[in-house]
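Chain by chain, the residues:
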Amino acid sequence: MEVTRRSAIGLMGASAAGLVLFGPRADDDVPTDRLVLNYWEKWTGFEGVAMRELVDEFNRTQDRLFVRYLAVNSINHKAMISIAGGAPPDVIGLWSFNLPAYAEAGALLPMDDLAASAGLTPDRWIDSVRPLLRHEGRQWAMMTTCGSLALYLNLDVLESAGVDPAFEPRTIKELDDLNDRVTLRSSRGSIQRMGFVHTEPGWWSWMWGFQFGGRLLNESGDPTATDAGNADAYGWVRSYPDRFGAEKLLSFQSGNGFYGTAQNAFLQGRVASVVQGPWLANLIEVYAPNLRYRVVPVPVAEAVYDPDAPVGLFDGDVVVIPRGAAHPEASFEFIAWLQNRARLERLALAHRKNTPLRQASAGFFERHPNRSIRVHRRLASSPRAFGVPRTRVWPRYEAEFDTSFESLWIGRLSADDMLARVQTAIEQETEFARARRGARADV
Amino acid sequence: MTSSRSSLWLRMLWVAPWMVGLALFYAVPLAMSLFFSLTDATMIEPPRFIGLDNYAALARDRVFWRCVANTAIYAAVAIPLAMILSLWLAALLSTRHALAKPVLLLVFAPTVVPLVAASMIWLWIFNSDHGLLNMLFTAAGATGPNWLTTHGWAMSALIIMSLWSVGQSVVIYLAALRDVPRPLIESASLEGLGRFRRFVHVVLPTIAPAILFNAIIQTITAWQVFAAPYIMTGGGPDRSTYFYSHYVYDQAFVFQHMGYAATLGWVQCLLLAVCIGAVYLCWRRLGDLR
């Protein structure tokens, strides 16, 4: 059949008409008589459902504002692009460790005055939460959910290795001992099971120094990667490839399934213990509801051990108002509504996480579906709970740590060389960031 | 005259949407990125003009040189391998064998699989414990390596994976091979040229334009490789698969050095131009074989 110009144009016209008549439509549920607020959040799945329910309730209980929830992947990058492009949403759900970079770039509106006028004073939060909402003396966010890292122990694996399930490794040495007892090798020498391994899941390669009394930034905000505590910590990390063999560890690691699946190494019993947050309880409920497990603080170096002040990473999810938001007061009205204790607790219960509030309602811990929530609360309230270092160059710091950790893990770097590499790179980056800021201030 | 003028306007009208798109989405961003490369630009703060400082900073940036080296090695190995494999497959498939078409379908099919999905498949193929590849090693009585987590092997794994999408080149070669005049090959046979010499002295020079086209496309693809290593190795271990485009992405969107990322983009463009120039020179040499 010959295709003529007329038939081609006709076909294109018909397609266009079809698209107009039967193509996708804008969301019909958005009322035209209300101010619509766009809320970008990172959560999908059950976490997203819990927040959506709150959003729906907000939309039902008043008739002036309408919040439209949109789950956004890689939200910390996309939100920045939307702000730079001058078309940000009205409310954004970030991680608290994003705040320094956003705040210093002038990407957020401060919330001090709005919070004070709504009576949301800082004393409502547990102590560890307050610094996570602030940067350089100002408050930039409100917290929605939070979590602390702990050590999850698979009791079935411990028992099968002849370890008393009531045993709680409190120090790094005890963790190593447990590892020695639980680790299984095949006749060919490959690792079949481990008591503990840093790379499962390996999301916080930079945190080990804190368990040895180290830190990554000093009071002036300068990097302290080569701190003595960090040197001890990464010397200990390096002892694993030395003892077990780097190739053997890599091989074992590649056999572990992805985190959010039934093949998760902890659920499968391939590793007896993992460092994780309260969200792991959700995975256990879905994929291994009969798993016998216990949660204890992450072990620390003997010299640092204090039963009354456990050490653990604490971080949270926050909501912010981006610069350029069309209706900041309305945005804050929604945020303030979310801050009601009952609503924050609903969210915490659904996410299986801690509440960031100092005062929990009666029965909150009793009815919490995460049986380890009290341990996580104790960790979050500890004076030695630590957050992600508050520096604008954190993305670079973390990337440098991850890369150098890999080199350490495959036996190409010693602990001291690894830390020196990180220190040099981050000193340069910090210097550059300061010079850049100074130059902008001069302008 | 009037009719030709109105015809010109009509043609202009037809190409206008494309021209507007080209200006808005290519020319303007190109000009802006050139400007940004001369500034200290984050994503949000107003750009601050710093002249050629970003270009000078490249010389001291160890990670930049590492990425250039990684990408150059990848391109230097992956491109010739893909060229040889696709040409060989095309030569095989250009016969009238009954299986030629089904095999062509199999060779071409991977190119329509989204790269992210393909990367997930290859993650499992390269899995050192349960992966298909290492199972073959085990069946042969050998021990396969930790493909994606060992220095050296990770790069090899990504190069092997890059051969997954040779289907497009095969189709282009196939079309070119079918256009080689039969009398030319027959007269070469009559002059006593063997099969190999016929291929080198008659077929290759005749399909030289297709070779040039594929070589250029593969050079561009190799220098822009991003998704597969990003998903499969994250640039590791120890930055051994940290490629140029991944570094540009990190500088722009993770570290918020938009000005520096723009500089990297322009240098990538220059490097690519040099490589394409080298490809063109090699292609000219191929013409001399005639």
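Here, every reference points to the structure presented above.
Predicted, not measured: the structure shown is a model, and the values here were computed from it.

Reading the values: the criteria
- Residues numbered from 1 in each chain as written.
- Chains lettered and ligands numbered in written order.
- Predicted model: local features only at pLDDT ≥ 70, side-chain atom pairs only at ≥ 80, totals over all residues.
- Helix = DSSP H or I, 4+ residues; strand = E, 2+ residues; numbered from the N terminus.
- Buried ≥ 20, exposed ≤ 12 C-beta atoms within 10 Å, placed from the backbone.
- Contact = placed C-beta atoms within 7 Å.
- Rg over C-alpha atoms; globule rule 2.2 N^0.38 Å.
- Axes fitted to C-alpha atoms, helices over the stretch in contact; angles between N-to-C directions.
- Parallel < 35°, antiparallel > 145°, perpendicular 65-115°, else oblique.
- Left-handed = near helix turned anticlockwise from the far one by under 90°.
- Nonpolar A, V, L, I, M, F, W, Y, C, P; charged D, E, K, R; others polar.
- Expected span 1.5 Å × (residues − 1).
- Arc of directions from axis to C-beta.
- Pairing = 2+ DSSP bridges.
- Right-handed = clockwise from strand over helix to strand, strands pointing away.
- Core = buried A, V, L, I, M, F, W, Y, C linked by C-beta atoms within 7 Å.

**Some details on the overall build of chain B**
Then step 1. Each helix and strand in chain B was counted, giving 14 helices and two strands.
Then step 2. In terms of overall dimensions, chain B has a C-alpha envelope of 80 × 70 × 35 Å along the principal axes.
Then step 3. Looking at chain B residue by residue over its 290 residues, the buried ones come to 31%.
Then step 4. Contacts in chain B between residues far apart in sequence, at least 24 positions, make up 69% of those at least 6 positions apart.

**Description of the overall build of chain A**
Then step 1. When helices and strands are tallied, chain A shows 18 helices and 13 strands.
Then step 2. Here the C-alpha atoms of chain A give a radius of gyration of 25 Å, agreeing with the 22 Å that 2.2 N^0.38 yields for 443 residues.
Then step 3. Counting only C-alpha atoms, chain A reaches 75 × 70 × 55 Å along its principal axes.
Then step 4. Here chain A, with 443 residues, has 45% of them falling under the buried criterion.
Then step 5. Long-range contacts, defined as pairs at least 24 residues apart, comprise 73% of the intrachain contacts of chain A with a sequence gap of at least 6.

**Some points on the packing of helix α3 (residues 62-93) of chain B against helix α8 (residues 167-178) of chain B**
All names here are of chain B.
Then step 1. Contact pair α3 / α8: the axes reach a minimum separation of 8 Å and the direction vectors enclose 50 degrees. Regarding the angle of α3 to α8, the classification is oblique. Handedness of the α3/α8 crossing: right-handed. Between α3, through A82, S86, L87, L89, A90, A91 and L93, and α8, the contact on the second element is made entirely by S169, V170, Y173, L174 and L177.
Then step 2. Classifying every residue of the contact of α3 with α8 gives ten nonpolar, two polar and no charged.

**A word on the interface of chain A and chain B**
Then step 1. Between chain A and chain B, the residue contacts involve 27 residues of the former and 23 residues of the latter.
Then step 2. Broken down by secondary-structure element, the contributors of at least two residues to the side of chain A that touches chain B are α3 (75-84), α10 (246-254), α17 (394-409) and α18 (415-442) of chain A.
Then step 3. A per-element tally of the side of chain A that touches chain B places α17(A) first, with six residues.
Then step 4. Here the residues of the side of chain A that touches chain B are counted per class, giving 13 nonpolar, eight polar and six charged.

**Describing helix α11 (residues 208-223) of chain B**
Residue and element names in this part refer to chain B.
Then step 1. Look at α11: 22 Å from first C-alpha to last across 16 residues, which is about the 22 Å you get at 1.5 Å a residue.
Then step 2. Three or more residues of α11 are buried, namely I211, N214, A215, Q218, A222 and W223. In an axial view of α11, the angular spread of the buried residues amounts to 150 degrees, which keeps them on one side of the axis.

**Focus: the pairing of strand β1 (residues 35-41) of chain A**
Residues and elements named next belong to chain A.
Then step 1. Here seven bridges tie β1 to strand β2 (residues 65-71), and the two strands are oriented parallel to one another. Paired with N38 across the bridge in β2 is R68.
Then step 2. Note on the crossover from β1 through helix α2 (residues 45-61) to β2: the handedness is right-handed.
Then step 3. The sheet contact formed by β1 and strand β3 (residues 91-95) spans two bridges and is parallel. Pairing of W40 across the sheet is with I92, part of β3.

**Re the sheet that holds strand β7 (residues 150-154) of chain A**
All names here are of chain A.
Then step 1. With respect to topology, five strands assemble into an open sheet ordered β8-β9-β10-β7-β11, the strand pairing being mixed. Looking along the sheet, the strands with just one partner apiece sit at the ends: β8 (184-185) and β11 (293-296).
Then step 2. As judged from the two bridges shared by β8 and strand β9 (residues 191-196), these two strands associate in the antiparallel manner. Each bridged residue has a counterpart across the sheet, and for L184 the counterpart in β9 is R193.
Then step 3. Contacts from helix α8 (residues 172-182) reach β9 and β10 (271-276), with the element oriented near 155 degrees to β9.

**A few points about the pairing of strand β12 (residues 312-320) of chain A**
Residue and element names in this part refer to chain A.
Then step 1. Judged by how many residues are buried, β12 sits mostly within the fold: nine of nine residues are covered.
Then step 2. Of the two faces of β12, both are covered, the one formed by G312, F314, G316, V318 and V320 as well as the one formed by L313, D315, D317 and V319.
Then step 3. The sheet contact formed by β3 and β12 spans four bridges and is antiparallel. When the bridges of β12 are listed, I92 appears paired with V320.
Then step 4. Bridge count for strand β6 (residues 142-148) against β12 is six bridges, and the pairing is antiparallel. Bridge pairing in β12 links G147 to D315.
Then step 5. Direction of pairing for β12 relative to strand β13 (residues 385-386): parallel, over a ladder of two bridges. Counted as the bridge partner of G312 is A385 from β13.

**What about unusual backbone geometry?**
Then step 1. Between E200(A) and P201(A) the backbone carries a cis peptide bond, its omega angle lying at 0 degrees.
Then step 2. Locating P201(A) in the fold gives a position in the loop between β9 and α9 (228-244).
Then step 3. Cis rather than trans, the peptide bond between G236(B) and P237(B) has omega equal to -5 degrees.
Then step 4. Located in the positive-phi region is R352(A), a residue other than glycine, with phi close to 65 degrees.
Then step 5. Following the sequence through the fold, R352(A) ends up in the loop between α14 (341-351) and α15 (364-367).

**Some points on the nonpolar core**
Then step 1. Among the nonpolar cores identified, the biggest contains 119 residues, and A141(A), M143(A), Y152(A), V318(A), V319(A) and V320(A) are the most heavily contacted of them.
Then step 2. Setting aside its immediate chain neighbours within four residues, M143(A) contacts W125(A), V129(A), L132(A), L133(A), G316(A), D317(A), V318(A) and P356(A).
Then step 3. One finds L148(B), W223(B), V225(B) and Y242(B) within the second-largest nonpolar core, a separate group that totals 49 residues.

**Digging into helix α13 (residues 328-338) of chain A**
Then step 1. Here α13(A) has its buried residues at S331(A), F332(A), F334(A), I335(A) and L338(A). Seen end-on, α13(A) carries its buried residues on one side only, within an arc spanning 155 degrees.

**As for the environment of A281(A)**
Residues and elements named next belong to chain A.
Then step 1. With respect to the element layout, A281 can be found in helix α12 (residues 280-287).
Then step 2. For A281, a count of 23 C-beta atoms within 10 Å corresponds to the buried category.
Then step 3. The residues touching A281, leaving out its near neighbours within four places in the chain, are R352, N370 and S372.

**Remarks on the environment of D227(A)**
Then step 1. Tracing the chain through its elements places D227(A) in the loop between β9 and α9.
Then step 2. Apart from the residues lying within four places of it in its own chain, the contact partners of D227(A) are G209(A), G214(A) and R215(A).

**Describing the environment of L81(B)**
Residues and elements named next belong to chain B.
Then step 1. Summarising the element assignment, L81 is placed in helix α3.
Then step 2. Sequence separation of L81 and H97 is 16 residues, and the distance between their C-alpha atoms is 25 Å.
Then step 3. With near-sequence residues (within four places) excluded, L81 lies in contact with I159 and L163.

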